[in-house]
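Structure at a glance
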Amino acid sequence: MLTAQEAYLQNVQANYRFFCYHAHNNGRSDDDLLWQPSRFHRFLCDKAQEFVERPTDKAYEILILNTPPQHGKSTTITATFPAWYLMKNPDSKVIVTSYGDSLAQRFGKQNLDKVKEHGKIFGVSLDKKKANATEFRIAKHTGVMISAGYGSGLTGTPADLIIIDDPVKNRAEADSETDRNKKWADYIDSIESRISAGGKIILIMTRWHEDDLAGRLMEHYEDRTTV
């Protein structure tokens, strides 16, 4: 029979919602939680896990999460989910991209730190030869996470999971048709060409324009898109 601690750690491994709570709040009191899971955050956790784990017969699938700013979507997904996904699937490849290299690398560092701290639960560790905010690898496996600005630094890097978090920096970019066209071209050239067969793409963004990246994906790939 499992001890309470063993059962807890099994839940952390199997259930992303449990891992997210553990990764942010382990050892903290209820009055000092860094991540307080509302119904909304639990929904995000469950939806992301269900999306990546369900089989698909399509070339790849897209999950679009549209929320207002400052609702914890990046903390709940981009800063945490890749670490859990890689530790469960240590031979998989992940790309995280955002409007700039610095933000993408911040997400990379946050996930690297979680693998470093919690890898033992999953029986994995970081490859010490390659462990930085831009790229880190799982020791004795082929798993890797690469973090780069949207449309840059992704050439030649295949991925089973790609997370695009806030590809639009501000309203000026959102209102620019030239920038919207460039974002779409970058998606075709740098994102779609990198996703592995049967792979998953998660797009997280605040929508400021009907013709943004989310809008174009829904228009062109309705059959493979979940909103």
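Data block above holds the structure.
Read on for a plain summary of the structure.

**Quick look at helix α6 (residues 101–122)**
In a regular helix each residue adds 1.5 Å, so 22 residues correspond to 32 Å; α6 covers 29 Å between its end C-alpha atoms and thus fits that length. In the structure, α6 departs most strongly from a straight axis at K116, where the bend amounts to approximately 45 degrees. Among the residues making up α6, those that are buried are L103, A104, F107, G108, N111, L112, K114, V115, H118, G119, I121 and F122. Once α6 ends, the next one or two residues include G123, with phi positive near 75 degrees.

**Some words on the packing of aromatic side chains**
According to the stated counting rule, one finds 10 aromatic pairs in the structure shown. When the centroid spacing of 6.4 Å and the interplanar angle of 40 degrees are considered together, the rings of W184 and Y221 count as tilted. Residue W184 is located in helix α8 (residues 177–191), and its partner Y221 is located in the loop between α9 (213–220) and β8 (225–226); the two are separated by 37 residues in the primary sequence. Taking 6.5 Å as the distance between ring centres and 50 degrees as the angle between the ring planes, the aromatic pair formed by Y187 and Y221 counts as tilted. With Y187 in helix α8 and Y221 in the loop between α9 and β8, the pair connects residues that are 34 residues apart, well separated along the chain. In this pair, the class of Y187 matches that of Y221, namely buried. Chaining the aromatic ring pairs together yields one cluster made of Y16, F19, F81, W84, Y85 and F122. The ring of F51 is capped by K200, whose NZ or CZ atom sits 4.9 Å from the centre of that ring. The positively charged end of R224 is found above the aromatic ring belonging to Y60, 4.6 Å away from the centroid.

**Notes on the pairing of strand β6 (residues 159–165)**
Across the 7 residues of β6, 6 count as buried, placing the element largely inside the fold. Here β6 pairs with strand β7 (residues 195–205) via 6 bridges, running parallel. Following the sheet pairing, D165 is matched in β7 by I204.

**Side note on the side chain of R224**
The topology assignment puts R224 in the loop between α9 and β8. D223 provides the closest opposite charge to the buried, unpaired R224, separated from it by 4.2 Å.

**Notes on the pattern of salt bridges**
Two side chains with opposite charge may pair up if their charged atoms get near one another. Overall, the coordinates contain 11 salt bridges when judged by the stated rule. Ionic pairing is found between E135 and R137, a salt bridge with its closest N-O pair at 2.8 Å. Residue class for E135 comes out buried when judged on its relative accessible area of 15%. Here R137 falls in the partly exposed class, since its relative accessible area comes to 32%. Bridged by salt links that share partners, the residues E50, R54 and E61 form one connected network.

**Points about unusual backbone geometry**
A positive phi angle, near 65 degrees, is found at K140, a position not held by glycine. With respect to the element layout, K140 can be found in the loop between β4 (135–138) and β5 (144–149). Backbone geometry places D166, a non-glycine residue, at a positive phi of 55 degrees.

**Some words on the nonpolar core**
If you look at the biggest cluster of nonpolar residues, it comprises 38 residues, and the most contacted ones within it are F19, I77, F81, L161, I163 and I202. The contacts of I202, once residues within four sequence positions are left out, are F51, L63, L65, F81, L161, I162, I163 and I164. Counting residues in each nonpolar core, the second largest holds 23 residues, with I95, A148, I162 and L203 among its members.

**Some details on the state of the cysteines**
For the coordinates displayed, the defined rule picks out 0 disulfides. Cysteine C20 is unpaired, with the sulfur of C45 as its nearest cysteine sulfur at 4.4 Å. C20 sits in the buried class, given a relative accessible area of 0%. The class for C45 is buried, based on a relative accessible area of 0%.

How each quantity is defined
Residues numbered from 1 in each chain as written. Predicted model: local features only at pLDDT ≥ 70, side-chain atom pairs only at ≥ 80, totals over all residues. Heavy atoms only, no water. Helix = DSSP H or I, 4+ residues; strand = E, 2+ residues; numbered from the N terminus. Expected span 1.5 Å × (residues − 1). Bend = angle between axes of the 7 residues up to and from the residue. Buried < 20%, exposed > 50% of the residue type's maximum accessible area, 1.4 Å probe, protein only. Phe/Tyr/Trp six-rings, centres within 6.5 Å; stacked < 30°, edge-to-face > 60°. Lys NZ or Arg CZ within 6 Å of the ring centre and 35° of its normal. Pairing = 2+ DSSP bridges. Lys, Arg positive; Asp, Glu negative; His and termini not counted. Salt bridge = Lys/Arg side-chain N within 4 Å of Asp/Glu carboxyl O. Core = buried A, V, L, I, M, F, W, Y, C linked by side-chain atoms within 4.5 Å. Contact = heavy atoms within 4.5 Å. Disulfide = S-S within 2.5 Å.

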